[in-house]
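Structure at a glance
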Amino acid sequence: MAQLLTGKEVSAALKEKMAVQVQDLTAAGKTPTLAILRVGERPDDLSYERSAMKVAAGLGIEARQFVLPADASQDDIAAAIDQINVDDSIHGCLMFRPLPKGIDETALCNRLAVEKDMDGIGLPALAAIFAGTGQGYAPCTAQACVEMCDYYQVPLQGKHVVVVGRSLVIGKPVSMLFLQKNATVTICHSRSENLSEITRQADIVVLATGRAKAYGAEYFSAGQTVLDVGINVDAEGNLCGDVDFDAVEPLVAAITPVPRGVGSVTTALLMQHVVQAAEQA
Ligand code: NDP
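A few points on the structure. (Residues numbered from 1 in each chain as written. Predicted model: local features only at pLDDT ≥ 70, side-chain atom pairs only at ≥ 80, totals over all residues. Heavy atoms only, no water.)

Focus on the layout of surface pockets
- Here the largest pocket defines a volume of roughly 1100 Å³.
- Along the walls of the largest pocket sit 34 residues, with Tyr-48, Thr-141, Ile-231, Gly-263 and Thr-266 positioned nearest its centre.
- Elements that contribute at least two residues to the lining of the largest pocket include exactly α1 (7–27), α2 (43–59), β4 (92–95), α6 (140–151) and α10 (266–280).
- Counting residues per element, the lining of the largest pocket draws most heavily on α2, at 6 residues.
- For the lining of the largest pocket, the per-class residue count stands at 15 nonpolar, 12 polar and 7 charged. (1 Å grid on protein atoms, 1.4 Å probe; cavity = no way out; pocket = protein on both sides within 12 Å on 5 of 7 lines; lining within 4 Å. Points joined across faces, edges and corners; volume = space filled by probe spheres on them. Helix = DSSP H or I, 4+ residues; strand = E, 2+ residues; numbered from the N terminus. Nonpolar A, V, L, I, M, F, W, Y, C, P; charged D, E, K, R; others polar.)

Rendered as structure tokens:
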């Protein structure tokens with residue numbers, strides 16, 4: 001049976017550390033403050049917003065909502081971002097995506113000041129991750145993969161990490177974060193040939209493709225750590241990862257479940273970024 005790498009303990013450890021930092025900041029008159037920028041009323045956004053507000057409140061972090069109607073224009077959203085950028089009492093911003101159709105999302109992501117970009121959505125933050133300068137915040141889900149390994153003491157230095165997926169949200173940044181940890185990283189994607197041969201050679205496999213239960217036992221080998229980033233809905237309507245958990249779990253050394261795995265560390269990391277931004281402001 002594989003060790004189950006659940007996110008709850010990782011989040012709890014992060015929050016415990018943060019509580020002290022928030023106390024110190026608040027005592028110094030600098031309450032860490034997060035702006036949440038939402039356009040429209042997408043159920044996924046609303047649900048994440050509710051949970052982020054709850055986590056923030058529990059930590060003593062102030063969360064300020066900036067809500068625009070679904071038909072907001074490019075200029076309206078840009079104006080909200082500008083307002084957040086110049087407000088010294090706001091330390092970081094979470095902007096929900098995707099933005100409505102017809103909006104130039106890339107331009108707006110890049111408009112957010114890098115020091116307030118809490119989820120690494122702008123090119124300046126991504127450039128910092130790729131350059132290894134440490135001047136921007138990594139996308140929270142990508143960082144959650146590394147935090148999982150750190151918390152559960154999965155060795156990374158010199159190990160072979162195979163990442164399946166090459167998006168700017170997860171695949172590419174997570175590859176750079178593992179590289180910074182001195183892992184040897186292979187990035188695979190939809191055109192990769194002999195994928196199962198490559199993944200079977202890894203010490204750690206990261207799946208971030210958005211394909212429900214698509215990766216069965218033939219993709220894995222004994223002793224591996226599997227980090228399943230996918231959040232999908234299976235044929236029965238249940239939440240599931242990219243990995244066929246029931247088939248793979250008996251084979252590997254350690255695996256993250258979905259839900260309760262990598263995704264459940266994301267909000268704690270968002271808050272950690274806000275606290276770091278407040279410390280640096
Ligand atoms: P994208 O759709 O942007 O990227 C998917 C990647 O998977 C692409 O690089 C694609 O390759 C690759 N891919 C698709 N099919 C295959 C295949 N058959 N074999 C190998 N690679 C393949 O998705 P995201 O990166 O945004 O998200 C990935 C998953 O992570 C989703 O399930 C999403 O819901 C989840 N997620 C979870 C979060 C959380 O936990 N909080 C946050 C964000 C996302 P190519 O580039 O060649 O097309």
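Description of unusual backbone geometry
- With an omega dihedral of 0 degrees, the bond running from Arg-97 to Pro-98 counts as a cis peptide bond.
- Cis geometry is found at the peptide bond from Val-258 to Pro-259, where omega equals 0 degrees.
- Here the phi dihedral of Gln-153 falls at roughly 55 degrees; this positive angle occurs in a residue that is not glycine.
- When you line up the elements, Gln-153 lands in the loop between α6 and β5 (160–164).
- In this model, Arg-260 sits at a positive phi of 85 degrees, which is unusual for a non-glycine residue.
- With respect to the secondary-structure elements, Arg-260 resides in the loop between β11 (254–255) and α10.

Side note on the sheet that holds strand β3 (residues 62–68)
- Pairing is parallel in the open sheet, where 3 strands are placed in the order β3-β2-β4. Because the sheet does not close on itself, it has two edges, and the strands there are β3 and β4. For this sheet, the mean angle separating the axes of adjacent strands, direction not counted, is 20 degrees.
- Here 4 bridges tie strand β2 (residues 33–39) to β4, and the two strands are oriented parallel to one another. Along β4, the bridge assignment pairs Leu-34 with Gly-92.
- The strands touched by α2 are β2, β3 and β4; relative to β2, the strand with the most contacts, the crossing angle is about 170 degrees.
- Packing of helix α3 (residues 74–86) onto the sheet brings it into contact with β2, β3 and β4, and relative to β2 it is tilted by some 180 degrees. (Pairing = 2+ DSSP bridges. Axes fitted to C-alpha atoms, helices over the stretch in contact; angles between N-to-C directions. Contact = heavy atoms within 4.5 Å.)

Remarks on the side chain of Asp-242
- Mapped onto the secondary structure, Asp-242 falls in the loop between β10 (239–240) and α9 (245–248).
- A distance of 2.6 Å separates a polar atom in the side chain of Asp-242 from the backbone nitrogen of Thr-209.
- Apart from residues no more than four positions distant in its own chain, Asp-242 is found in contact with Leu-207, Ala-208, Thr-209, Gly-210, Arg-211, Ala-212, Lys-213, Ala-214, Tyr-215, Asp-228, Gly-230 and Asn-232. (Polar contact = N/O pair within 3.5 Å; in protein donor to acceptor, adjacent residues only side chain to side chain.)

Describing the pairing of β2
- Buried residues dominate β2, accounting for 7 of its 7 residues.
- Alternating residues of β2 divide into Thr-33, Ala-35, Leu-37 and Val-39 and Leu-34, Ile-36 and Arg-38, and every residue in both groups is buried.
- Pairing geometry for β2 and β3, over 7 bridges, is parallel. Paired with Val-39 across the strands is Leu-68, a residue of β3.
- Between the parallel elements β2 and β3, the chain passes through α2 in a crossover that is right-handed. (Buried < 20%, exposed > 50% of the residue type's maximum accessible area, 1.4 Å probe, protein only. Right-handed = clockwise from strand over helix to strand, strands pointing away.)

Considerations on helix α5 (residues 123–131)
- Here α5 has its buried residues at Ala-125, Leu-126, Ala-128 and Ile-129. With its buried residues spanning 155 degrees around the axis, α5 presents them on a single face.
- Looking at the packing, one finds that the buried side of α5 touches α7 (171–180).
- Just beyond α5, the residue with positive phi is Gly-132, at close to 70 degrees. (Arc of directions from axis to C-beta.)

So, the packing of aromatic side chains
- Under the criterion given, the structure shown has 3 aromatic pairs.
- Aromatic pair Tyr-48 and Phe-96: ring centres 6.0 Å apart, planes at 75 degrees, arrangement edge-to-face. With Tyr-48 in helix α2 and Phe-96 in the loop between β4 and α4 (105–111), the pair connects residues that are 48 residues apart, well separated along the chain.
- Look at Tyr-48 and you get partly exposed, because its relative accessible area is 24%.
- Judged by its relative accessible area of 7%, Phe-96 is buried.
- Judged by centre distance (4.9 Å) and plane angle (80 degrees), the rings of Tyr-151 and Tyr-152 are edge-to-face.
- Owing to a relative accessible area of 37%, Tyr-151 belongs among the partly exposed residues under this scheme. (Phe/Tyr/Trp six-rings, centres within 6.5 Å; stacked < 30°, edge-to-face > 60°.)

Spatial relationships are all this shows, so hold off on functional conclusions.
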